[in-house]
Amino acid sequence: QLQLVESGGGLVQAGGSLRLSCAASGRTFSRYAMAWFRQAPGKEREFVAAISPSGGSTSYADSVKGRFTISRDNAKNTVYLQMNSLKPEDSAVYCCAGRRVGEYSGDIYYLGRYEYDYWGQGTQVTVSS
């Protein structure tokens, strides 16, 4: 079981920065692939970024590549999303997600929303123009 709680959202002007945090419960956080997804009103939930259990591998949506950085601190059971050069189209509810990676699967991540088993409630990010 993994419980996830996001924080760090808010209102920011275009061009600004925010850092989102996702705190996880559980003793085996270091065995979970983690990701951030976002959902804007009237749109489907979309992939933003993913990170492998060790933090050694990451992936980003094209729309955020070069502006956002996903990272994790396994000692603190926390995954982060640093968002720079924010644009109004980045406005959405941002959710973190987790999935345990099998012992023999290697240090991998997942890209699809249906591949994740655990979800946080989300944090609102609003970027004004």
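Our structure's up above, just so we're on the same page.
Residues numbered from 1 in each chain as written. Predicted model: local features only at pLDDT ≥ 70, side-chain atom pairs only at ≥ 80, totals over all residues. Heavy atoms only, no water.

On to the side chain of Ser 52. Its place among the elements puts Ser 52 in the loop between strand E5 (46-51) and strand E6 (58-60). Here the side chain of Ser 52 touches Asp 107 through a polar contact of 3.0 Å, side chain to side chain. Those residues in contact with Ser 52, other than ones at most four positions away along the chain, are Tyr 32, Ser 57, Arg 72, Asp 107, Ile 108 and Tyr 109. (Helix = DSSP H or I, 4+ residues; strand = E, 2+ residues; numbered from the N terminus. Polar contact = N/O pair within 3.5 Å; in protein donor to acceptor, adjacent residues only side chain to side chain. Contact = heavy atoms within 4.5 Å.)

Attention now goes to the pairing of strand E9 (residues 92-100). In terms of strand pairing, strand E4 (residues 32-39) meets E9 through 8 bridges, oriented antiparallel. Residue pairing across strands places Met 34 opposite Gly 98, the latter belonging to E9. Of the strand pairs in this sheet, E9 and strand E11 (residues 123-128) are connected by 3 bridges, and their pairing is antiparallel. Bridge pairing in E11 places Val 93 opposite Gln 124. (Pairing = 2+ DSSP bridges.)

Taken in spatial order, the 4 strands line up as E1-E3-E8-E7 in an open sheet, and their pairing is antiparallel. Edge positions in the open sheet fall to strand E1 (4-7) and strand E7 (68-73), since each of these has one partner strand only. Recorded for the sheet is a direction-independent mean angle of 15° between the axes of neighbouring strands. As defined by bridge partners, E7 adjoins strand E8 (residues 78-83) across 6 bridges and the pair is classed as antiparallel. Directly across from Arg 72, in E8, lies its bridge partner Val 79. (Axes fitted to C-alpha atoms, helices over the stretch in contact; angles between N-to-C directions.)

Moving on, we get to the environment of Val 12. If you trace the backbone, Val 12 turns up in strand E2 (residues 10-13). Under the relative-accessibility criterion, Val 12 is labelled buried at 14%. When neighbours within four sequence positions are excluded, Val 12 is seen to be in contact with Ser 17, Leu 18, Leu 86, Thr 126, Val 127 and Ser 128. (Buried < 20%, exposed > 50% of the residue type's maximum accessible area, 1.4 Å probe, protein only.)

Here we take up unusual backbone geometry. One non-glycine residue, Asn 77, lies in positive phi territory at about 55°. Looking at where Asn 77 falls in the secondary structure, it is placed in the loop between E7 and E8. On the basis of relative accessibility, which here comes to 17%, the residue Asn 77 falls in the buried class. In this structure, Ser 85 takes a positive phi of about 50° despite not being glycine.

Keep in mind these numbers describe shape, not what the thing actually does.
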